[in-house]
Amino acid sequence: MNEFVQSLIHPSPQPGWLRWMRQLLPPLCWKCSKVLGGKTYHEPASPFLCKNCLIELPWTDPVYHCLQCGNRTAEPNRLRCEECLDDIWDLDESRSGFAYNETIRHWILQLKFFGQEHLSPLLGRLLALSFQNSTWLERYDSLIPIPLHSTRLRKRGFNQSLLLAHHFQKNMEANFPEIQVHWLRRIRATRPQTELSLAERLVNLDDAFSASPDVRNKNILLLDDVMTTGSTLNVAARCVKEAGANRVGALVLCRKMWDTLE
Ligand SMILES: [Zn+2]
Ligand SMILES: [Zn+2]
């Protein structure tokens, strides 16, 4: 990872006395606050969730999901589920680490809207854990975190997808696709997709992205924190493909399954 990318990843702003205090305390489970044995927070392989909380997370089943849209399916290894049979997707495939639930939602909201950047190493590690022993990533040359528009980036101070990509990479073995932050730009400020209806979501994203010619003939993996209907990732995939990319997949930390859509 180059220096520019490093400069975009801010360390969590903890005062020195707080860091010092935390080193004296035993680590606690991030979810249930149970005391975890052994290592301190600052060791790279320190535990962050107790065994029960880790098991209870809504891990995506690598077999029972639609390869096209990433939605949960009743039958194994479905290329396309009923819901996306008639849809024309620009994404070639979609994967998620977890289904969207209250626990994951809480962590993502804390990270994005309450400045809790220290959660990004945890989320990156969780995503990496969900891909342990998987060779799936090897089919991609480059990974592009979904960019924020410059106005939102200034307001938030960081791009959560880039933080996630960085910590995901740190927890993975070799053969990780190269992270590219300049290959896709958000050139138009759009309203948050969560505020809009399905029809409005599609119009809202018209011409929202611009892709670099560097994507030509590359297999590109787009990374985002949440996938709801998939419209943002699909529009980004279309833009990258129009610029000459070969295969374009999507990876998200968590996906809202259709049966839980509001
Ligand atoms: Zn726990
Ligand atoms: Zn599907």
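Here the structure is shown first, and the text comes after it.
In this text, all values refer to a predicted model and were calculated from it rather than measured experimentally.

Draft legend 1. Representation of the coordination of the zinc ion (ligand 2). Donor atoms from the polypeptide that bind the zinc ion (ligand 2) are Cys66 (SG), Cys69 (SG), Cys81 (SG) and Cys84 (SG), placed at 2.2 to 2.3 Å. One way to put it: the four donor atoms around the zinc ion (ligand 2) meet at angles of 102 to 120°, and that makes the site tetrahedral. Considered as a linear motif, the donors of the zinc ion (ligand 2) on their single chain read C-x2-C-x11-C-x2-C. Taken together, the residues span a long stretch of sequence, with cysteine 66 in the loop between α3 (51–56) and β1 (93–99) and cysteine 81 in the loop between α3 and β1 at a distance of 15 residues. For cysteine 66, a relative accessible area of 0% gives the class buried. Given a relative accessible area of 1%, cysteine 81 falls into the buried group.

Draft legend 2. Molecular detail of helix α7 (residues 160–170). With respect to burial, α7 is a largely interior element, nine of its eleven residues being buried. Among the residues making up α7, those that are buried are Gln160, Ser161, Leu162, Leu163, Leu164, Ala165, His166, His167 and Phe168. Near the N-terminus of α7, the side chain that reaches the backbone nitrogen of serine 161, with its oxygen 2.9 Å away, is that of asparagine 159.

Draft legend 3. Structural detail: the nonpolar core. Within the largest apolar cluster, 39 residues are counted, with the highest numbers of intra-cluster contacts made by Leu126, Phe168 and Leu251. Looking at this core, the elements with two or more residues in it are α4 (102–113), α5 (119–130), α7, β6 (220–227) and β7 (248–255). If one sorts the elements of this core by residue count, α5 sits on top with six residues. Per-domain counts for this core show at least three residues from each of domain 1 (1–56) and domain 2 (60–260).

Draft legend 4. Representation of the environment of leucine 164 in the model. The topology assignment puts leucine 164 in helix α7. According to the relative accessible area criterion, leucine 164 is buried, its value standing at 3%. Between the C-alpha atom of leucine 164 and that of leucine 123, which follows or precedes it by 41 residues, the distance is 6.7 Å. Residues contacting leucine 164, with those up to four places away along its chain left out, are Leu123, Gly124, Leu127, Leu223, Asp224, Asp225 and Leu253.

Draft legend 5. Examining the coordination of the zinc ion (ligand 1) more closely. Looking at the zinc ion (ligand 1), the protein donor atoms are Cys29 (SG), Cys32 (SG), Cys50 (SG) and Cys53 (SG), and they sit 2.3 Å from it. Each of the four donor atoms around the zinc ion (ligand 1) contributes to a set of angles spanning 100 to 117°, which defines the coordination as tetrahedral. Sequence positions of the donors to the zinc ion (ligand 1) reduce to the motif C-x2-C-x17-C-x2-C. On the accessibility criterion, cysteine 29 (3% relative accessible area) is buried.

Draft legend 6. Examining the side chain of threonine 103 more closely. By the secondary structure assignment, threonine 103 is in helix α4. For threonine 103, a relative accessible area of 16% gives the class buried. Excluding residues within four positions of it along the chain, threonine 103 makes contact with Lys31 and Leu57.

Draft legend 7. Focus on the sheet that holds β1. With parallel pairing, five strands are arranged side by side in an open sheet as β1-β7-β6-β2-β3. Every interior strand has two partners, whereas the edge strands, β1 and β3 (178–179), have only one. When β1 meets β7, the two strands line up parallel, connected through six bridges. By the bridge assignment, alanine 99 is partnered in β7 with arginine 255. Docked against the sheet, α5 engages β1, β6 and β7, running at close to 115° with respect to β1.

Procedures and definitions
- Numbering of residues begins from 1 in every chain and follows the order in which that chain's sequence is written.
- Following the order in which they are written, the chains are lettered starting with A and the ligands numbered starting with 1.
- Only residues with pLDDT of 70 or above have their local features reported here, since the model is predicted, and side-chain atom pairs are shown and tallied only from 80 upward, although totals for entire chains, interfaces and linings are computed over all residues.
- Excluded from the side-chain calculations are hydrogens and water; all other atoms, namely the structure's heavy atoms, are used.
- Each metal site is built from N, O and S donor atoms within 2.8 Å (3.2 Å for Na, K and Ca), and since water is not included, such sites may look incomplete.
- In these descriptions, tetrahedral denotes four donors with every angle between 85 and 135 degrees, square planar four donors and octahedral six donors with opposite donors over 155 degrees apart and the rest between 65 and 115, and irregular any other case.
- The helix and strand labels rest on DSSP assignments: H or I over at least four residues marks a helix, E over at least two residues marks a strand, and numbering proceeds from the N terminus.
- Only protein chains enter the accessibility calculation, which uses a 1.4 Å probe; a residue whose area is less than 20% of its type maximum is buried, one above 50% is exposed, and one in between is partly exposed.
- By the criterion applied in these results, polar contacts are pairs of N or O atoms within 3.5 Å in which, for protein atoms, one can donate a hydrogen and the other can accept it, and in which residues neighboring in sequence qualify only through two side-chain atoms.
- By convention a nonpolar core is built from buried Ala, Val, Leu, Ile, Met, Phe, Trp, Tyr and Cys residues, the set being connected through side-chain atoms within 4.5 Å.
- What fixes the domain bounds is an automatic or database domain assignment.
- We call two residues in contact when some of their heavy atoms are within 4.5 Å.
- Pairing between strands is defined by DSSP: at least two bridges between the two strands are required.
- Every axis in this analysis is a line fitted to C-alpha atoms, fitted for helices over the stretch in contact. Angles between the N-to-C directions lie between 0 and 180 degrees.

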